[in-house]
Amino acid sequence: MATILEVNNLVKKYGDFEAVKGISFSVEEGEVFGLLGPNGAGKTTAISMLTGVLPPMSGTARIGGYDIGENLEEVKKINGLVPQDLALYPTLSARANLNFFGRIYGLRGRELKGRVDDVLRIVALTERADGTVEKFSGGMKRRVNIAAGLLHQPRLLFLDEPTVGVDPQSRNHIFESVLRLNRERGMSIVYTSHYMEEVELLCNRVAIIDEGRIIALDTIKNLIAMLGGGVIHVGLPQVDDALLAQLSALPAVKEATLVPRPAAPPPAEGVEPETQEREPVAAGEVVKIVAEHSQQAIVNVIDFLNEQDISLTSLEILEPNLESVFLHLTGKKLRE
Amino acid sequence: MKALSITFKDLQIFFKDRGAVLQLFLLPLVFVVVFTGALGAIGKGEEDARVPLPVVNLDGGQSAQTLLDNINAAGGVRVEPYAQAEAMALLDENEIDRVLTIPADFTAGIADGQPVTLRLVSHADADVKQTEAVRLVVEGVANDMALEIQILAALQQMGEMQAGVPESSRAFTVERMQAQARSQFERAQTQPLVAVTQREPGQEVEQEEPLGLGDIAVPGITVLFVFLTAQATAHSIYDEKKVGSFRRLLAAPMSKVALLGGKMLPNLITGLIQTGVIFAFGIVGLRLLGLTPATLGNEPLATVLVVVLLALCSSAFGILIAALARTEGQIGGLSTLLLWGMGLLGGSVIPLFILERMLGPVPMVVPHYWANRALVDLMLRGLGMADVAVEMAALLGFTVLFFAIGLWRFEFD
């Protein structure tokens, strides 16, 4: 399979803030590739550089064989962008919006009309084509937003958080459209989201991005396999290195490490730190146990703690999914 | 073509906004009517129609008094006697608009058939049309009176010369007397006995007649409002950035210059339509309202060309505002401050000759000044394209400058 997108060490800074810190990855023709990360991880900035909206500070990327620095015009013809914002003109009809974006890509006359009808069919909005966008539901607007990115039949489509603020029914419509575009038209797709369920459902491979870096990149199966037989969080009153070593040595336990305490959030503006409401924090520490076999590991850990007369303060068994992988890798939840 | 697609889309959006359309086309017309009406051409009652005319009578003779009586009787002007020092002081303070001075030798000069001169001095801010009307009344009355006195004097002289001479030997027949009267009348037509000079205090030579508030209404309001549309360009770009469509346009295969060009063109087109509406109203509407109508001047093509440059300059200024402002509030604030400020400074509200007298060359720093000068010269003074070449070049220069700075400072990210 040919590579349609190859990214090498791409960097973007805003003043002193480094939004994207040298990311590298590649996407194959016909692949649905996921960029999974929390809000502010750098996903949109990365896409903005790849679509020519922002110039990178350093690094390179090739799309369809064209360098984004040297052949941006060609790259733009290959790319399609569905931005996170509803990039539409609310007082115009869906058709007028699509006609405009089609003309921007050089479509005219019968060809333009045909493409507009085609994308309206894809997003199931043919019946509402002449309705004013401002009167549409959030989900319908999202679908027009996607349609606008498909008009010029891009080889590589960037979908940036396309389901934000969308009802379940419209979300399903969007998923179906994405899968159909990929399967029936062979369109390569880069799909960014902070919803792990969407990425698990749609993507072949996933890059997990956090604080501007790609911290893991593989197929979903392999990423989840990083968790081994599962991950267990055990709350204990007190933990020392000796206890961690003993837990790591238990049968069916691969590794036992202390979960770092999350940094205290900065005080809200205008509020004294002492008066801020804080989530109650359980006393003691949390040990993350990566198991070879989660059920056996739980039994062994509980038996060991009973023998040592150490009482449990909490016990959490993490589902084997991308959310757990992200938590395992960063110590944070995706939606924190 | 892609830039034109942006233009077409922006025009579609604009014309769907009825409030914006009304503001674009109706508001300037209201201003034109108010400013033209400020001349006092409408709503005048009979009593108010008499223009007060302060007079300094240095002669005090019979002819001077007859002149003043006749001016009062002529209608339209009301004579108000003043002492010379008082009149000059009041004129200096702009408490009165003008003063007519009758020279000390007026009665004697008229009687001797010698030319005499009445001096009409007007304040710089005086309504020039009113002053001109006063001058015509005074001149007409004075010449009629002088002619009458001379003809009567000539006839009286001929009568005295023939006193005692038998009727058959009299040299001055009825025919000769009629011929004498006709000759004096004809001479009075070509060489009036009484001249009225009009000038402003301190002026030694007569200057080009300045224009009043009403004269500049159509060109001034046109310049002001076409520039005000610049904020529509800035708002349109801000809205595109806000909803994210600007990002989508940046991701499309088109250059940044074409993108900004496409955002400028709608303003150019609406500016031209707006000007068309103002001019049409100025030519037809003002006439229907009984006000002084506007004209396109002797070279309408030159006027159109200036308007195109004006709209282009306004569009480029819109890009500059979009580049400088970071928020919607800043766009509103900057637009209000700069566009109204430049309009006031550039002669859209106050006639340029007054501004130049008050501020010297300062108004030249704004494009409104050059646009107003060009339109006033073309539409009111009847000059041609060659006469406004400098003004047109200045407008083009401002356009290039605004667009270049806008492009340089524009944050595409």
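The structure we're discussing is the one just above.
## Concerning the overall build of chain A
Logical step 1: Check the secondary structure of chain A and you find 11 helices and 14 strands.
Logical step 2: Put simply, chain A has 336 residues, and 50% of those count as buried.
Logical step 3: Considering only contacts within chain A whose residues lie at least 6 apart along the sequence, 73% involve residues at least 24 apart.
Logical step 4: Accessible surface, chain A as shown: approximately 15,800 Å² in total, 49% of it carbon and sulfur.

## Some remarks on the interface of chain B and chain A
Logical step 1: Each side of the interface is counted separately: chain B has 22 residues, and chain A has 34 residues.
Logical step 2: Each partner contributes to the roughly 2,500 Å² buried at the junction of chain B and chain A, and carbon and sulfur atoms together form 61% of this total.
Logical step 3: Contact with chain A buries surface across chain B, with B:R247, B:R248 and B:P253 losing the most and accounting together for 34% of the total.
Logical step 4: Where chain B meets chain A, there are zero salt bridges.
Logical step 5: Summed over the shared surface of chain B and chain A, the number is eight residue pairs in polar contact (both at pLDDT 80 or more).

## What about a nonpolar patch on the surface?
Logical step 1: Judged by side-chain polarity, B:M358, B:L359, B:V362 and B:V365 come together as a nonpolar surface patch covering roughly 360 Å² of accessible area.
Logical step 2: For B:V362, the location among the structural elements is in the loop between α14 (352-359) and α15 (367-380).

## Details of the layout of surface pockets
Residues and elements named next belong to chain B.
Logical step 1: Roughly 980 Å³ of volume is contained in the second largest pocket.
Logical step 2: Considering the residues around the second largest pocket, the lining is formed by 32 residues, among which F14, D17, A20, A232 and H235 are closest to the centre.
Logical step 3: Mapped onto the lining of the second largest pocket, the elements with two or more residues apiece are α1 (2-16), α2 (18-37), α8 (213-228), α9 (230-243) and α11 (256-288).
Logical step 4: The dominant element in the lining of the second largest pocket, judged by the number of residues it contributes, is α9, at nine residues.
Logical step 5: Per-class residue counts for the lining of the second largest pocket are 13 nonpolar, 11 polar and eight charged.

## So, the packing of helix α3 (residues 94-104) of chain A against helix α5 (residues 138-150) of chain A
Residues and elements named next belong to chain A.
Logical step 1: Interaxial distance between α3 and α5 falls to 9 Å at its minimum, and their mutual angle equals 25 degrees. Put simply, α3 runs roughly parallel to α5. Remark: the crossing between α3 and α5 carries right-handed chirality. Between α3 and α5, the contacting residues are A94, L98 and F101 on the first element and V144, A147 and A148 on the second.
Logical step 2: Residue composition of the contact of α3 with α5, grouped by class: six nonpolar, no polar and no charged.

## Examining the packing of aromatic side chains
One pair of aromatic rings is described through two measures. These are the centre distance and the angle between the planes.
Logical step 1: Applying the stated criterion to the full structure yields 10 aromatic pairs over all chains.
Logical step 2: Ring geometry for A:Y89 and A:F101: centres 5.8 Å apart, planes at 15 degrees, overall stacked. Placement of the pair is A:Y89 in the loop between β6 (79-82) and α3 and A:F101 in helix α3, with a sequence separation of 12 residues. Here the two residues A:Y89 and A:F101 agree in accessibility, since each one is buried.
Logical step 3: Between B:Y369 and B:W370, the ring centres sit 5.0 Å apart and the planes meet at 90 degrees, which makes this aromatic pair edge-to-face.

## Digging into unusual backbone geometry
Residues and elements named next belong to chain A.
Logical step 1: With a phi angle near 55 degrees, N9 is a residue other than glycine that sits in the positive phi range.
Logical step 2: Here N9 shows up in strand β1 (residues 3-14).
Logical step 3: Residue Q153 is not a glycine yet carries a positive backbone phi of 50 degrees.
Logical step 4: Along the polypeptide, Q153 turns up in the loop between α5 and β7 (156-160).

## A short note on the environment of B:T399
All names here are of chain B.
Logical step 1: With respect to the helices and strands, the residue T399 is situated in helix α16 (residues 389-409).
Logical step 2: Given a relative accessible area of 7%, T399 falls into the buried group.
Logical step 3: For the pair T399 and C313, spaced 86 residues apart in sequence, the C-alpha separation works out to 4.3 Å.

## A few points about the pattern of salt bridges
Residues and elements named next belong to chain A.
Logical step 1: For the structure shown, the criterion picks out 20 salt bridges over all chains.
Logical step 2: Put simply, E74 and K77 hold a salt bridge, and the shortest N to O gap is 3.4 Å. In this pair, E74 and K77 are both assigned in helix α2 (residues 72-78), three residues apart and thus about one turn of the helix distant.
Logical step 3: With relative accessibility at 30%, the residue E74 sits in the partly exposed group.
Logical step 4: Overall, the relative accessible area of 46% leaves K77 in the partly exposed class.
Logical step 5: Between E111 and R115 there is a salt bridge; the shortest N-O distance is 3.2 Å. In this pair, E111 and R115 both sit in helix α4 (residues 109-122), four residues apart, roughly one turn of the helix.

## What about the side chain of B:S348?
Residues and elements named next belong to chain B.
Logical step 1: Relative to the assigned elements, S348 resides in the loop between α13 (328-345) and α14.
Logical step 2: By relative accessible area, which is 0% here, S348 ends up buried.
Logical step 3: A polar contact of 3.1 Å, which involves the side chain of S348, links it to the side chain of N372.
Logical step 4: Dropping the residues within four chain positions of it, S348 is found in contact with I216, G220, I221, V223, L224, G343, H368 and N372.

## A closer look at the pairing of strand β3 (residues 98-102) of chain B
Residue and element names in this part refer to chain B.
Logical step 1: With five of its five residues buried, β3 lies for the most part within the structure.
Logical step 2: The alternating pattern of β3 places R98, L100 and I102 on one face and V99 and T101 on the opposite face, and all of these are buried.
Logical step 3: Of the strand pairs in this sheet, strand β1 (residues 51-57) and β3 are connected by three bridges, and their pairing is parallel. By the bridge assignment for β3, N57 is matched with I102.
Logical step 4: Direction of pairing for β3 relative to strand β4 (residues 116-122): antiparallel, over a ladder of four bridges. Looking at β4, one finds that L100 is bridged to L120.

What counts, and where the lines are drawn
- Residues numbered from 1 in each chain as written.
- Chains lettered and ligands numbered in written order.
- Predicted model: local features only at pLDDT ≥ 70, side-chain atom pairs only at ≥ 80, totals over all residues.
- Heavy atoms only, no water.
- Helix = DSSP H or I, 4+ residues; strand = E, 2+ residues; numbered from the N terminus.
- Buried < 20%, exposed > 50% of the residue type's maximum accessible area, 1.4 Å probe, protein only.
- Contact = heavy atoms within 4.5 Å.
- Areas by Shrake-Rupley, 256 points an atom, 1.4 Å probe, with all protein chains shown as cover.
- Buried area = accessible area lost by both parts, 1.4 Å probe.
- Salt bridge = Lys/Arg side-chain N within 4 Å of Asp/Glu carboxyl O.
- Polar contact = N/O pair within 3.5 Å; in protein donor to acceptor, adjacent residues only side chain to side chain.
- Patch = residues over 30% accessible without salt bridge, like charges linked within 9 Å, V, L, I, M, F, W, Y side chains within 5 Å.
- 1 Å grid on protein atoms, 1.4 Å probe; cavity = no way out; pocket = protein on both sides within 12 Å on 5 of 7 lines; lining within 4 Å.
- Points joined across faces, edges and corners; volume = space filled by probe spheres on them.
- Nonpolar A, V, L, I, M, F, W, Y, C, P; charged D, E, K, R; others polar.
- Axes fitted to C-alpha atoms, helices over the stretch in contact; angles between N-to-C directions.
- Parallel < 35°, antiparallel > 145°, perpendicular 65-115°, else oblique.
- Left-handed = near helix turned anticlockwise from the far one by under 90°.
- Phe/Tyr/Trp six-rings, centres within 6.5 Å; stacked < 30°, edge-to-face > 60°.
- Pairing = 2+ DSSP bridges.

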